[in-house]
Amino acid sequence: MAGKGDGEGEGNVLKLENQISVIKYVMLFTNVLEWIIGAAVFALCLWLRFEPGINEWLTILNATQFYIGIYILIIVALVVMVVAFLGCLSALQENSLILLVYIGTQVFAFIVLLAGSAVLLDNSARDSNFQPRIRESMRRLIMNAQYDEARNTLAMIQEGIACCGADGPDDYGVLGQPLPTECRDTVTGNPFFHGCVDELTWFFEAKCAWIAALAMLVAFISIMNVVLSIVLIQALRKEEEEAETYNK
């Protein structure tokens, strides 16, 4: 009977070791994936922040609040890449203390990813704080269209994205200004149908949607890694208990 018990104990230990190995390799894969996606979020956010044309438009239109969400995601993307490295290290070393620290950092990253994405979309998407700021700035430029600086700025924006006025060509008539040639299609001669508020919103929304989607994917992987870490900690503790029982 003693030999049978010893065999069962050894079998349990080996079974736990195999389970731990599987969890470790899954964690290594998810952390590498998390690092890659985090790096992609970091690169896209840097591009949006330092792309000259985008920066110039946002500065002119007094909509630089757009960058708040970008800054948050740049910081959290760096955190995610460091945390992913920590996850690989903690899984390989099978250290419960490092795993607990890793769980805390993953939870922090998850919360900040959600916050950064929400702020980014709130300053770039339709029905957000972004549109009123653009509308106010465009109307102010139209009202001052008799001055060269405002007229040149309007020309740059309207020609650049093929739009007219804040909400359409009627804005010029309402604000007592003549319709400029930049508001017309060079082929048909007709005014552009869409206003610059809609065109700019679609322009930024399309780019920010990709960043927000990647950030949400990283947040989902973070939750997976938290669950895997908890399972790994429990498996390591059970392995220690089984080993102690077997040695006795």
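Here the structure is a predicted model, which is why all the values come from computation and not from measurement. (Residues numbered from 1 in each chain as written. Predicted model: local features only at pLDDT ≥ 70, side-chain atom pairs only at ≥ 80, totals over all residues. Heavy atoms only, no water.)

Further remarks concern the confidence of the model for the protein chain. Within the protein chain, residue pLDDT values average 83, and 92% of them lie at 70 or more. For the stretch residues 1-5, pLDDT sits under 50, and the model shows zero contacts to residues farther than four places along the chain or on other chains. (pLDDT = per-residue confidence, 0-100. Contact = heavy atoms within 4.5 Å.)

Applying the stated criterion across every chain, the model contains five aromatic pairs. On the numbers, 5.4 Å between centres and 70 degrees between planes, the contact of Phe 130 with Phe 204 is edge-to-face. Of the two residues, Phe 130 sits in helix 5 (residues 130-143) while Phe 204 sits in helix 8 (residues 196-247), which places them 74 residues apart along the sequence. The burial state of Phe 130 is the same as that of Phe 204; both residues are buried. Within the aromatic cluster, the residues linked to one another by ring pairs are Phe 66, Tyr 67, Tyr 71, Phe 130, Phe 203 and Phe 204. The ring of Tyr 67 has Arg 49 lying over it, and the distance from NZ or CZ to the ring centre is 4.4 Å. Residue placement shows Lys 207 over the ring face of Phe 203; its charged tip is 3.9 Å from the ring centre. (Phe/Tyr/Trp six-rings, centres within 6.5 Å; stacked < 30°, edge-to-face > 60°. Helix = DSSP H or I, 4+ residues; strand = E, 2+ residues; numbered from the N terminus. Buried < 20%, exposed > 50% of the residue type's maximum accessible area, 1.4 Å probe, protein only. Lys NZ or Arg CZ within 6 Å of the ring centre and 35° of its normal.)

Tracing the chain through its elements places Ser 222 in helix 8. Under the relative-accessibility criterion, Ser 222 is labelled buried at 0%. If sequence neighbours within four positions are ignored, Ser 222 has contacts with Glu 34, Gln 106 and Phe 110.

Before going further, it helps to examine a nonpolar patch on the surface. Together, Val 32, Trp 35 and Ile 36 make up an exposed nonpolar region whose accessible area comes to about 290 Å². Among the secondary structure elements, Val 32 is positioned in helix 1 (residues 2-50). Of the residues examined, Val 32 reaches a relative accessible area of 44% and is grouped as partly exposed. (Patch = residues over 30% accessible without salt bridge, like charges linked within 9 Å, V, L, I, M, F, W, Y side chains within 5 Å. Areas by Shrake-Rupley, 256 points an atom, 1.4 Å probe, with all protein chains shown as cover. Salt bridge = Lys/Arg side-chain N within 4 Å of Asp/Glu carboxyl O.)

Looking now at unusual backbone geometry. Apart from glycine, the bulk of residues carry a negative phi angle, and the bulk of peptide bonds sit in the trans form. Notably, Asn 62 is not glycine yet its phi reads approximately 55 degrees, a positive angle. Relative to the elements of secondary structure, Asn 62 occurs in the loop between helix 2 (52-60) and helix 3 (66-93).

Turning next to the environment of Gln 146. Considering the arrangement of structural elements, one finds Gln 146 in the loop between helix 5 and helix 6 (148-161). Taking the relative accessible area as the measure of exposure, Gln 146 reaches 44% and is therefore partly exposed. Taking the C-alpha atoms as reference points, Gln 146 and Arg 49, 97 residues apart in sequence, are found 32 Å from one another. Beyond its immediate sequence surroundings of up to four residues, Gln 146 is in contact with Arg 151 and Gln 177. Here the side chain of Gln 146 touches Gln 177 through a polar contact of 3.2 Å, side chain to side chain. (Polar contact = N/O pair within 3.5 Å; in protein donor to acceptor, adjacent residues only side chain to side chain.)

It is worth spelling out the nonpolar core at this point. Formed by 47 residues in total, the largest nonpolar core has its most connected members in Phe 66, Ile 70, Leu 73 and Met 138. Elements represented by at least two residues in this core include exactly helix 1, helix 2, helix 3, helix 4 (96-122), helix 5, helix 6 and helix 8. The element that contributes the greatest number of residues to this core is helix 8, accounting for 10 residues. Those residues in contact with Ile 70 that sit more than four places away from it in its chain are Cys 45, Leu 48, Arg 49, Leu 120 and Ile 211. Of all hydrophobic cores here, the second largest spans 14 residues; its members include Leu 99, Ile 103, Leu 228 and Leu 232. (Core = buried A, V, L, I, M, F, W, Y, C linked by side-chain atoms within 4.5 Å.)

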